[in-house]
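# Report on the structure
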Amino acid sequence: MKRTHHCNELRPAHIGQTVTLTGWVHSRRDLGGLIFIDVRDREGRTQTVFDPSDLSAELFKRAEQLRSEWVVAVTGKVRRRPEGTNNPKIATGEVEVMAVSLEVLNVAEVLPFPVDDPEAAARVNEELRLKYRFLDLRRPEIARNLRLRSKVATATRVFFDEEGFLEVETPILFKSTPEGAREFIVPNRREPGTFYALPQSPQQFKQILMVAGVEKYYQLARCFRDEDQRADRQLEFTQIDIEMSFIEREDIYRLIEGLLKRIWKVALNVDIPTPFRRLKYEEAINRYGIDKPDTRFGMEIVDFTEEFRGSSFKVFSGAVANGGVVKALNAKGLAGATQGQMETMTDTARSFGAKGLAYIKVEGGEWKSPIVKFFTETEKAALTAKLAIEEGDLILFAADQWLNACEILGKIRLYCAEVLRGQGKLNLPADRFDFLWVVDFPLLSFDKENNRWYSSHHPFTAPVAEDIPLLKTDPKRVRGQHYDIVVNGTELGGGSIRIHQPDVQKTVFEEVLQIPPDLVKARFGYMLEAFKYGAPPHGGIALGFDRLNAILCNTPSIRDVIAFPKTAKGVCLMTESPGSVEPKQLRELHLELKVPRKD
RNA sequence: GGGGGCGUAGCUCAAUUGGUUAGAGCGCUGCCCUGUCACGGCAGAGGUUACGGGUUCGAGCCCCGCCGCUCCCGCCA
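Because the structure is predicted, anything quoted here is derived from the model rather than measured.

## Quick notes on the overall build of chain A
Within chain A, the secondary structure is distributed over 17 helices and 22 strands. Expressed along its principal axes, the backbone C-alpha trace of chain A runs to roughly 95 × 75 × 55 Å. Within chain A, buried positions represent 48% of all 599 residues. For chain A, the proportion of contacts with a sequence separation of at least 24, taken over those separated by at least 6, is 67%. When the accessible area of chain A is evaluated, it comes to approximately 30200 Å², of which 51% is carbon and sulfur surface. Across chain A, the mean location of the 84 positive side-chain charges is 2 Å away from that of the 85 negative side-chain charges.

The following block contains the structure:
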């Protein structure tokens, strides 16, 4: 019964050998007097033949009983396939195994969806695939993703080992630090009314590890965030988490460029050029309207604030007078946008508080637009020149405060790219990867509703040294030593150089973020305490491991690279978790439910 | 919390303006078939149209509710 070869191993060189294969019945072709059974295992598949002229009637009869996905061991002699019957689609297609014995290791019921037909299986409702995840994972297409993920994890560990990093595990049972994402909490049986919380990330532990003298830490860390899900967000996910001491930003850039170079080589055998280009946050917003720009295509946003400062078109000149800006982008070749597409874009603009979306369609040598009648020849000439306007173009405008105007056009730029892609006018090759660093983020953002500053990244991010004096005088101008790594418009990760001076950290907590001292002490006291005892300068980064794998597997959803993902509502359809617990368990935890128990 | 899409046979889908007994392909079952690999041929079984109401002479289709999946916004320090 023990196999001698796997199902992707036999070649003409094995002809004449007696072998045993084990695996699943991938497909059967019963020709009446001759039966072909393709045996599949993790590695591939091999055709076995049951020929009654060589077999007992009993064995042939058993072979007739075989059905899809039964588990079998087949022993037989490898031989060359008869002339003209090779199957070039599979690696073992030049040979076949003439069965002499068959052992049925297990039977299988009729499957709820096909596993053997890649095209049919790919179209099956994801709900069903998730319920029968064990079948979905048998499909070579999905199994390939798991295998790639394992390879990438190993490459990561090897890389960091070579670089002198220590892999350190940090607690899953942590405590609540409610500044960030909503947390999962775990009741503590030993002390009624107290709770652990699952970490949103190992942020604080990895900084403490720097104080502990680890110097170079990494971990493939599981993180938990109880927020609503997306195609690229699960309740639990994995980060490649990194922290280093005695370094500057450049050291992180070099390290991550080396890591990604290694991963792309190992996973895809692709050489990605390094170093990556760098884009200041402000420039990213100005040109692309987003802090994670997709630079695989142009359609950049262009500024027309000066051109329209004195315009008779009051929507533009008024916005400028209010301290705002006028921006435009040229959606090349989209003059034929449908009514529905124009509406979608207008709705996008409205969702950002704009009153509408000004546009010009360049069709038949004319500018078709409700607003062009307000423009002077000079203004038109400026548009033509700076946007390189040609027949068939669609020009879209935003006039608002700087960030809002840019973000509106940023969203519209991505939408236009999607439309153009659908029309075949924009081609983005699957093997193209535009990596870039986005740097010089503002350290702080202002929360109008609560009238206070909050950290753009997190409160441990160090200000750029020369901006420290501005912390108390002009917070919005303080740049953080924060960096994001972006590829093809996806935020792959981010990190920062941290504050290592207790006094600066205290200033940020108490004076800038206005967190009351007792609260700072309760939540971060142990960190400030640790920092008193010789904290080295340090910094780090975390990369989304699931997103990384989704990009490598060229799939839009991280569910495709997670063995057992949850649905948008946080449910595992296979195990039906989460579920209810026994009253006894609740009593032990000193918990009482205010909703009826769900069974 | 909000908005969009989807839900018909085991799977993928169809079903004209609301009108006869809800169809097709694949899969499944049986029979036939010695070179198939999407094997082929013949025959057959298989439906609470997600679920609950309503309108109507009549509902897969219209209305209300509800459940599930999905995409997006909010949210994700």
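Picking up after the structure, the text goes on.
## Overview of the environment of Gln401
Topologically, Gln401 is positioned in the loop between β16 (394-400) and α12 (402-422). Classification of Gln401 as partly exposed rests on a relative accessible area of 39%. Residue contacts for Gln401: discarding those within four places in its chain leaves Asn322, Gly323, Gly324 and Val325. Of the polar contacts made by the side chain of Gln401, one reaches the backbone oxygen of Asn322; its length is 3.2 Å.

## Examining the protein's contact with RNA strand B
Taken together, 48 residues sit near RNA strand B, with Arg79, Thr85, Glu96, Glu127 and His457 positioned nearest. Those atoms of RNA strand B that come within 4 Å of the protein belong to sugar or phosphate at a rate of 50%. With respect to RNA strand B, the backbone of Glu179 contributes an N or O atom lying 3.3 Å from a sugar or linking oxygen. Between RNA strand B and Glu227, the relevant distance is 2.5 Å, taken from a sugar or linking oxygen to a side-chain nitrogen or oxygen of the residue. Elements represented by at least two residues in the surface near RNA strand B include exactly β1 (18-30), β3 (44-50) and α3 (126-131).

## Observations concerning the pairing of strand β2 (residues 35-41)
Burial runs high along β2: 7 of the 7 residues are buried. Neither face of β2 is exposed, since Ile35, Ile37, Val39 and Asp41 on one face and Phe36, Asp38 and Arg40 on the opposite face are all buried. Sheet topology note: the β1/β2 ladder contains 6 bridges and is antiparallel. Counted as the bridge partner of Arg29 is Phe36 from β2. The turn joining β1 and β2, which pair antiparallel and follow one another in sequence, is formed by 4 residues; a positive phi near 95 degrees is taken by Gly32. Examined bridge by bridge, β2 and β3 share 7 bridges and lie antiparallel to one another. Along β3, the bridge assignment pairs Asp38 with Gln47.

Criteria and thresholds
- Residues numbered from 1 in each chain as written.
- Chains lettered and ligands numbered in written order.
- Predicted model: local features only at pLDDT ≥ 70, side-chain atom pairs only at ≥ 80, totals over all residues.
- Heavy atoms only, no water.
- Helix = DSSP H or I, 4+ residues; strand = E, 2+ residues; numbered from the N terminus.
- Buried < 20%, exposed > 50% of the residue type's maximum accessible area, 1.4 Å probe, protein only.
- Contact = heavy atoms within 4.5 Å.
- Areas by Shrake-Rupley, 256 points an atom, 1.4 Å probe, with all protein chains shown as cover.
- Lys, Arg positive; Asp, Glu negative; His and termini not counted.
- Charge placed at Lys NZ, Arg CZ, Asp CG, Glu CD.
- Polar contact = N/O pair within 3.5 Å; in protein donor to acceptor, adjacent residues only side chain to side chain.
- Near = heavy atom within 4 Å.
- Pairing = 2+ DSSP bridges.

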